[in-house]
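Next come the chains, spelled out residue by residue.
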Amino acid sequence: MIARLTSGAESVVRVAILGLFFSLFFSRSLFVLCGFLAVVGWLLSGQYRERVRLLALNPAAALMLIFVVYVGVSAALTFAGANTVTALKIYWQLLLIPVIATTMTRDGDVVRCWNAYAAGACILLVHMVLMPGYQPAWISTSAPSMVFFNPLPQAVSLAIFSGWCVYRMAEPKQRLALRLLFVVGFVASS
């Protein structure tokens, strides 16, 4: 029973992480839901010795975990809890770094994360391209800038996607059709 629960929690974490990368561009609510599922599933999935070992191999992820714990404890102690909720609302997302670093360790996980990221970027780009001439029912305005719920992080995410397209385009064994697709992705996200 416990093995089934931990295995199920591990599967939820993996799917939630892919959901994080996918929803990063366009849905804050979906991102928060996936983040919550990833953190809770990570805590319920067990394998704590393995997670500590993986954190020891990844000092940046360990530092993020230590930082979030420090912020939560210091806000609770220093301000008698007045700023704890505010601090955790801001810094809880840093918990996702150790969750991702200790979960996505199988062969192909990084590629799956990049593919989910690219799918989210493509959805955002399609909305931006189509909105001047067509207004989907779920969008309240036809201005392309209104697709963005937070323009700065999304612009940075699109810049990362643009770089990823150039990287994929330059791969030596890439087919011509995919190269052209990556050129379109680069131009649209730039």
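Residues numbered from 1 in each chain as written. Predicted model: local features only at pLDDT ≥ 70, side-chain atom pairs only at ≥ 80, totals over all residues. Heavy atoms only, no water.

Asks: Just to check I follow, could you spell out the packing of helix H8 (residues 151-169) against helix H9 (residues 176-189) for this structure?
Replies: Packed helices, taken two at a time, are described by their axes: the angle between them and the distance between them. Orientation of H8 relative to H9, taken along the N-to-C sense of each, is 155°, at an axis distance of 8 Å. In terms of orientation, H8 and H9 fall into the roughly antiparallel class. Here the hand of the crossing between H8 and H9 comes out left-handed. Residue-level inspection shows Leu158, Phe161, Ser162, Trp164, Cys165, Val166, Arg168 and Met169 of H8 in contact with H9, the latter providing Arg179, Phe182, Val183, Gly185, Phe186 and Ser189. A per-class count over the contact of H8 with H9 returns nine nonpolar, three polar and two charged. (Axes fitted to C-alpha atoms, helices over the stretch in contact; angles between N-to-C directions. Helix = DSSP H or I, 4+ residues; strand = E, 2+ residues; numbered from the N terminus. Parallel < 35°, antiparallel > 145°, perpendicular 65-115°, else oblique. Left-handed = near helix turned anticlockwise from the far one by under 90°. Contact = heavy atoms within 4.5 Å. Nonpolar A, V, L, I, M, F, W, Y, C, P; charged D, E, K, R; others polar.)

Asks: Just checking my understanding: could you explain the packing of helix H7 (residues 109-130) against H8 for this structure?
Replies: H8 packs onto H7 with a crossing angle of 115° between their chain directions and a minimal axis gap of 10 Å. By the angle class used here, H7 and H8 are roughly perpendicular. Remark: the crossing between H7 and H8 carries left-handed chirality. Of the residues in H8, those in contact with Trp114, Asn115, Tyr117, Ala118, Ala121, Cys122, Leu124, Leu125 and Met128 of H7 are Ser157, Leu158, Ile160, Phe161, Trp164 and Arg168. Looking at the contact of H7 with H8 residue by residue, the class counts come to 12 nonpolar, two polar and one charged.

Asks: Would you take a moment to explain the nonpolar core for this structure?
Replies: Nonpolar side chains tend toward joint burial in soluble globular proteins. In terms of nonpolar packing, the biggest core is built from 14 residues, with Val13, Ile17, Leu20, Ala38, Leu96 and Val99 touching the most fellow members. Put simply, the parts of the chain that give this core at least two residues each are helix H1 (2-23), helix H2 (28-44) and helix H6 (96-103). Sort the elements by how many residues they give to this core and H2 lands first, with five residues. Residues within four places of Ala38 in sequence aside, it is in contact with Val13, Ala16, Ile17, Leu20, Leu96 and Val99. (Core = buried A, V, L, I, M, F, W, Y, C linked by side-chain atoms within 4.5 Å. Buried < 20%, exposed > 50% of the residue type's maximum accessible area, 1.4 Å probe, protein only.)

Asks: How should I be thinking about unusual backbone geometry in this particular structure?
Replies: Backbone geometry follows two general trends: most residues other than glycine have a negative phi, and most peptide bonds adopt the trans configuration. One non-glycine residue with positive phi stands out, namely Gln47, at about 55°. Tracing the chain through its elements places Gln47 in the loop between H2 and helix H3 (48-57).

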